[in-house]
Amino acid sequence: MVSATRLDALVIGAGFSGLYQLHCLRDRLGLTVKVLEAAPELGGTWYWNRYPGARCDSESHSYCYFFSRELLEEWEWSERYPGPPEILRYLNHVADRFDLRRDIRFGTRVVAARYDEAANRWSVETESGERYLATYLVAAVGCLSAASIPDIPGLEDFAGRWVHTGEWPREGVDFRGKRVGQIGTGSTGIQAAPVIAQSAAHLTVFQRTAQYSVPARNQPLSEAFRRYVRSHHEEIREVCRSTPNGHPFRIAERKVSDVTAAEREAIYEAAWEKGGLQFRATFRDLVLDKAANDTAAEFIKAKIREIVRDPETARALADIDHPYAAKRPPIDTDYFETFNRDNVALVDLRADPVERITPSGIRTRSREHPLDIIVFATGFDAMTGPLLRLGIRGRGGLALAEAWRAGPSTYLGLQVPGFPNLFTVTGPGSPSVLTNMPIAIEQHVEWITGCIGYMRRNGVACCEAEPAAAAGWDEQVNEAANKTVLALARHSWYFGANIPGKPRVFMPYAGGLARYRAICDDVAARGYAGFVMA
Ligand code: NAP
């Protein structure tokens, strides 16, 4: 029997969440803590997603930790949106600065985590057979870390190479002279296609659902903007913390109906020129009212038709079946322009579905598309996937997969009834993927740290969400989604619809990060109401 490492707390994952959680639990509460990370390096999503064109959609000056003034003052971003190398440099800087690395074990994948009721502690096993015993278990595994490869018949016979964007090879992929097929046109595919097209001999984009996209307008940050950031850290932080999505800009107070059609078009035009997710912030009712949303949707569809020269390709790209931002809205660099290149073709899978993958390519109903490389930009088993693959069992040996058979149920996205002292950073039921993630992560990590600190000060051994509190919260998550147009895209990954057999439950909390923070603070202030503190 391998001897177990005993700890106060074990954190799984060394991305934005796990790094800060380690710092808080170890350096603020004085606990013994280790982080287990499957990858050989830190970085989480940014370690894995190194596909061509990968870049954060949040603006760099807000895509960072705000907890340390010194850290804010010593780091400067170079571009409007940071790419993986710069984000990884930042996270490595954070790890060095706070001496985090000595408590992280890399290349260590968790395969089982069981709650031992008699001992009130978690027993965690890794792929290589190591064992850890910890009072608190924090899953900091991210929301989009379980890559989904669709079950298309014939993949095993494909004679070329295939890759998933979320598990991109570190050495890169050489597309030169190759015929490439890309499946998927979400945020990832929309970033990847323009860059792949620049080096590939030919790129075929296989589109199942057409998507809106607004130009990102990435650029190096000017000295004037850097100066503004240097002298406005507090203000930027306060804007991020007070807006629904945690971004560094406010949503306009006006509604679409407050302006004339000409004014509205001018507002959209200016937002299109400015670029980025701020397009969504042009009117306060864009995600609340379908009629208001239609005006933005029509504006973007008209832009697509204007940019794309081939009328049939333009029609297929603009044939979008859901409201703007009801699926996660991408931003791009020359995505629609890419279809004007001679070496790029679009296949509309609604009209011409995939039949199978063959040794030499992809066969759709109408023809064979010969390919050397297939790129799966097909997304993730989002939010629940990363947690379910940890093999978590709670009270009475209950598997998390069993507890969530009808869909995830959590209290505040922080805890699951029956799984005491297990905390999830940005778990299902929290605003998470609807926000600028580091802002949501800081809030969760600080709340979890506060909760564990409270437990230790008050001699509380065990913290567990009450079933009634979780059921009540699940209802609130549903209600919040139903007040928005997000509920109208039932085929989005927010509902788990991209994974066959996954329960259709709207997973993130759409009520806004600021409101959510107030709810969490209130729960804590009331002695952790809704949690059994035993
Ligand atoms: P995604 O949004 O789930 O998109 C996956 C794409 O693959 C969709 O177009 C989907 O079509 C298609 N697809 C899936 N299975 C398919 C099949 N069997 N046949 C044909 N097409 C199939 O995944 P993603 O683009 O990787 O993005 C996931 C999330 O990651 C984003 O929404 C965002 O939150 C995050 N992300 C962020 C950034 C950033 O900040 N820069 C970049 C990339 C991703 P359907 O739409 O029909 O399902």
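Reading guide: rules and limits
- Residues numbered from 1 in each chain as written.
- Predicted model: local features only at pLDDT ≥ 70, side-chain atom pairs only at ≥ 80, totals over all residues.
- Heavy atoms only, no water.
- Near = heavy atom within 4 Å.
- Polar contact = N/O pair within 3.5 Å; in protein donor to acceptor, adjacent residues only side chain to side chain.
- Areas by Shrake-Rupley, 256 points an atom, 1.4 Å probe, with all protein chains shown as cover.
- Helix = DSSP H or I, 4+ residues; strand = E, 2+ residues; numbered from the N terminus.
- Nonpolar A, V, L, I, M, F, W, Y, C, P; charged D, E, K, R; others polar.
- Buried < 20%, exposed > 50% of the residue type's maximum accessible area, 1.4 Å probe, protein only.
- Core = buried A, V, L, I, M, F, W, Y, C linked by side-chain atoms within 4.5 Å.
- Contact = heavy atoms within 4.5 Å.
- Axes fitted to C-alpha atoms, helices over the stretch in contact; angles between N-to-C directions.
- Parallel < 35°, antiparallel > 145°, perpendicular 65-115°, else oblique.
- Pairing = 2+ DSSP bridges.
- Salt bridge = Lys/Arg side-chain N within 4 Å of Asp/Glu carboxyl O.
- Expected span 1.5 Å × (residues − 1).

Asks: How do you make sense of the site of the ligand when you look at a structure like this?
Replies: The full set close to the ligand counts 23 residues, and R55, T188, R208, T209 and K327 are the nearest of them. One of the backbone nitrogen or oxygen atoms of G186 is found 3.5 Å away from an oxygen atom of the ligand. A distance of 2.6 Å separates an oxygen atom of the ligand from a polar atom in the side chain of K327. Within the complex, the protein chains bury 87% of what would otherwise be the 900 Å² of accessible surface of the ligand. Element by element, the count of residues in the shell around the ligand is highest for helix α5 (residues 187-199), at three residues. Grouping the amino acids of the shell around the ligand by side-chain chemistry returns nine nonpolar, nine polar and five charged.

Asks: What's the story with the environment of H232 in this structure? I'm lost.
Replies: Assignment of secondary structure puts H232 in the loop between α6 (223-230) and α7 (233-242). Taking relative accessible area as the criterion, H232 reaches 24% and is therefore assigned partly exposed. Measuring from C-alpha to C-alpha, the distance between H232 and A487 comes to 36 Å, with 255 residues separating the pair along the chain. Here Y228 takes part through its backbone oxygen, which lies 2.7 Å from a polar atom of the side chain of H232.

Asks: Is there a simple way to explain the nonpolar core in this structure?
Replies: In globular proteins that are soluble, nonpolar side chains generally tend to be buried together. Judged by nonpolar contacts, the single largest core of 83 residues is most densely connected at F16, Y65, Y90, Y411, L412, W447 and F531. The biggest single contributor to this core is helix α14 (residues 437-457), with ten residues. Aside from chain neighbours lying at most four places away, what touches Y65 is G15, F16, L19, Y20, L71, L72, Y90, L91, V94 and E442. If you look at the next biggest cluster of nonpolar residues, it comprises 48 residues, including Y51, W168, Y335 and L346.

Asks: I keep staring at the packing of α14 against helix α16 (residues 513-525) and nothing clicks. Help me out?
Replies: The relative placement of two packed helices comes down to the angle between their axes together with the axis-to-axis distance. Two elements in contact, α14 and α16, have axes separated by 11 Å at closest approach and are oriented at 0 degrees. Between α14 and α16, the angle falls in the class roughly parallel. Taking contact as the criterion, the partners of I439, A440, Q443, H444 and W447 in α14 are, on α16, L513, Y516, R517, C520, D521, V523 and A524.

Asks: Help me understand the pairing of strand β6 (residues 131-139), please; the structure alone is not making it clear to me.
Replies: Consecutive side chains along a regular strand alternate between the two faces of the sheet. Of all nine residues that make up β6, seven are buried, and the element is covered over most of its length. Sheet topology note: the strand β5 (residues 121-126)/β6 ladder contains four bridges and is antiparallel. Each residue of the ladder has a partner; that of S123, found in β6, is L133. Here β5 folds back onto β6, and the loop between the two strands holds four residues, one of which, G129, carries a positive phi near 90 degrees.

Asks: So what exactly am I meant to see when it comes to the sheet that holds strand β9 (residues 202-207) here?
Replies: Strands pair in a sheet through their backbones, by hydrogen bonds, and they do so in one of two ways: parallel or antiparallel. With respect to topology, five strands assemble into an open sheet ordered β7-β16-β8-β9-β12, the strand pairing being parallel. A single partner strand is all that each edge strand has here, and the edge strands are β7 (161-164) and β12 (344-348). Averaged over all adjacent pairs, the angle separating strand axes in this sheet is 20 degrees, with direction ignored. Pairing geometry for β7 and strand β16 (residues 373-376), over four bridges, is parallel. Looking at the pairing, W162 lines up with I374 of β16. Across the sheet, helix α10 (residues 311-318) is in contact with β9 and β12; its angle to β12 comes to roughly 55 degrees.

Asks: How should the pattern of salt bridges be read in this particular structure?
Replies: When charged atoms on two side chains of opposite charge get close, those side chains can pair. This structure, assessed with the given rule, holds 38 salt bridges. Ionic pairing is found between E117 and R395, a salt bridge with its closest N-O pair at 3.5 Å. With a gap of 278 residues between them, E117 in the loop between β4 (110-116) and β5 and R395 in the loop between β17 (392-393) and α13 (400-403) connect regions that are remote in the sequence. Accessibility expressed as a relative area gives 33% for R395, which makes it partly exposed.

Asks: Can you walk me through helix α9 (residues 290-307) in this structure?
Replies: An α-helix turns once per 3.6 residues; consequently, residues spaced three or four apart project the same way. Taking 1.5 Å per residue as the helical rise, α9 with its 18 residues ought to reach 26 Å, and the 25 Å between its terminal C-alpha atoms agrees with that figure. Among the residues making up α9, those that are buried are A292, N293, T295, A296, A297, F299, I300, K301, K303, I304 and I307. Turning to α9, the residues buried within the fold contact β10 (214-215), α8 (261-274), α10 and α11 (335-338).

Asks: Looking at this model, I keep getting lost on unusual backbone geometry. Mind explaining?
Replies: Residues apart from glycine generally show negative phi values, whereas peptide bonds are mostly found in trans. The phi dihedral of N120 falls on the positive side, at around 50 degrees, and the residue is not glycine. One can find N120 in the loop between β4 and β5. A relative accessible area of 15% means that N120 is categorised as buried.

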